[in-house]
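A structural walkthrough
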Amino acid sequence: MRRFLYSILFLFFTQTTFAQDTTVRIDNQSFTLAEVVVRNNFDYRRLLNQIKEDTTFYKAFRNLRILGFTSFNDIKMLNRKGGVAASLYSKTRQNRSNGCRTMDVLEEKTTGDFYDRKGEYNYETPELYAGLFFTKGTICGEDNIVKGRTRNVSNKKGMEKHKEQLKMLFFNPGKKIPGIPLIGNKLDLYDDDAHKLYDYRLDLEEYKGQLCYVFSITPKENLGFLKNDRIVVDQMTTWFDQKTLEVLGRNYSLSYKALVYDFDVQMEVEMGKFEGLTVPKILRYKGNWDIAFKKRERAVFTATLFDFKK
């Protein structure tokens, strides 16, 4: 009851008293601050810089390499009418012991042509999903260190290169990604050119019962023809812990059309805590993409992670 009353009072207070936004310029780039942020009288320059250089989102997924956890995996491949063409529902358990990790499949049910005759994935989306949440065989010697770790595609080809590019897009949204024709540089949301195309806003907002900083990036209105040619990120909203500035949640959507490919993807990620570590708790995906010489893939999936153990 107390939390409910707090939420009502907070929403009323912010909507009535803190309705005035303030625009500030940092290094000749414009940011919009909600009045509630301005009145807190903190170093918003430092905060915005930390948000720009955030590594806690990537760190949360690296933490999965050093923990055991159980996962419900729900993947659906859709046909052009939105019906289910193939699917997988499974319960898996990642085990971590003596510096190595393995995985047990506790339950599994598939429909359609989810696997080919050799038992391999018949679609690329599940293969990419497996790279995030599944363990094949025994993998040893991993850690969760992100400082100094850089991702690159220079030594990768084919599907391995595409996987690495997707991971770069997933873990570092808003940063340049080399090797993607036509849009690699358009993914950089923090350079001077991007600030001509996007609005950036910092606010305070309740997220999952916790008051957080929320940083949103959205395309400017009235961009005209520039919208179709230059905009890749349709929106990105990230919630940060007020004290630690760790990412607590992130929603983003991306879309683009070119001659050789097109995509329209939405992602939602919710984080949780386990013995001081931030970990992904729920990940939801909906995507429709097509690459030249590949069949179009339409998919939705949800990963639910729980029962973490060291």
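For clarity, every value in this text was computed on a predicted model and none was experimentally measured.

Turning our eyes to something else, we now look at the packing of aromatic side chains. Tallying each qualifying case throughout the model produces 16 aromatic pairs. Three or more aromatic residues joined by ring pairs make a cluster, and in this case those are Phe57, Phe61, Tyr129, Phe133, Phe134, Tyr285 and Phe301. Note that lysine 295 overlies the ring of tyrosine 123, its terminal NZ or CZ placed 4.4 Å from the centroid.

For asparagine 222, which is not a glycine, the phi torsion comes out positive at approximately 60 degrees. Within the secondary structure, asparagine 222 sits in the loop between β8 (210-219) and α7 (225-230). For leucine 245, which is not glycine, the phi dihedral falls at a positive 65 degrees. Its place among the elements puts leucine 245 in the loop between β9 (233-241) and β10 (247-257).

For helix α3 (residues 44-52), the set of buried residues is Leu47, Leu48 and Ile51. Buried positions in α3, seen along its axis, are confined to an arc of 95 degrees and lie on one side of it. Lining the buried residues of α3 we find β1 (21-26), β2 (29-34), β7 (198-207), β8 and β9.

Here we come to the confidence of the model for the protein. Looking at the protein, the pLDDT average stands at 86 and 90% of residues meet or exceed 70. With pLDDT under 50 throughout, residues 4-18 is counted as low confidence; its partners more than four residues away or in other chains account for 13 contacts.

Below, the discussion takes up the nonpolar core. Of all hydrophobic cores here, the largest spans 77 residues; its most connected members are Phe61, Phe133, Phe170, Tyr198, Leu202, Phe215 and Leu283. Sort the elements by how many residues they give to this core and strand β11 (residues 261-274) lands first, with seven residues.

Rules of the game
- Within every chain, residues take consecutive numbers counted from 1 along the sequence as written.
- Where local features are concerned, this predicted model is filtered to residues with pLDDT of at least 70; where side-chain atom pairs are given and counted, the filter is 80 or more; whole-chain, interface and lining totals use all residues.
- No hydrogens and no water enter the side-chain calculation; it runs on all heavy atoms of the structure.
- Under the pairing criterion, centres of Phe, Tyr and Trp rings, with the six-membered ring standing for Trp, must be within 6.5 Å; the plane angle then separates stacked pairs below 30 degrees from edge-to-face pairs above 60, leaving the rest tilted.
- For a Lys NZ or an Arg CZ to count as sitting over a ring, it must be within 6 Å of the ring centre and within 35 degrees of the ring normal.
- What counts as a helix is a DSSP run of H or I of at least four residues, what counts as a strand is a run of E of at least two, and both are numbered from the N terminus.
- In this scheme, a residue with accessible area under 20% of its type's maximum is buried, one over 50% is exposed, and one in between is partly exposed, where area comes from a 1.4 Å probe on protein chains only.
- Directions drawn from the helix axis to the C-beta atoms are what define this arc.
- Any two residues whose heavy atoms approach within 4.5 Å at even a single point are treated as in contact.
- Values of pLDDT, which run from 0 to 100, indicate the predictor's confidence residue by residue.
- Residues belong to a common nonpolar core when they are buried Ala, Val, Leu, Ile, Met, Phe, Trp, Tyr or Cys residues joined through side-chain atoms within 4.5 Å.

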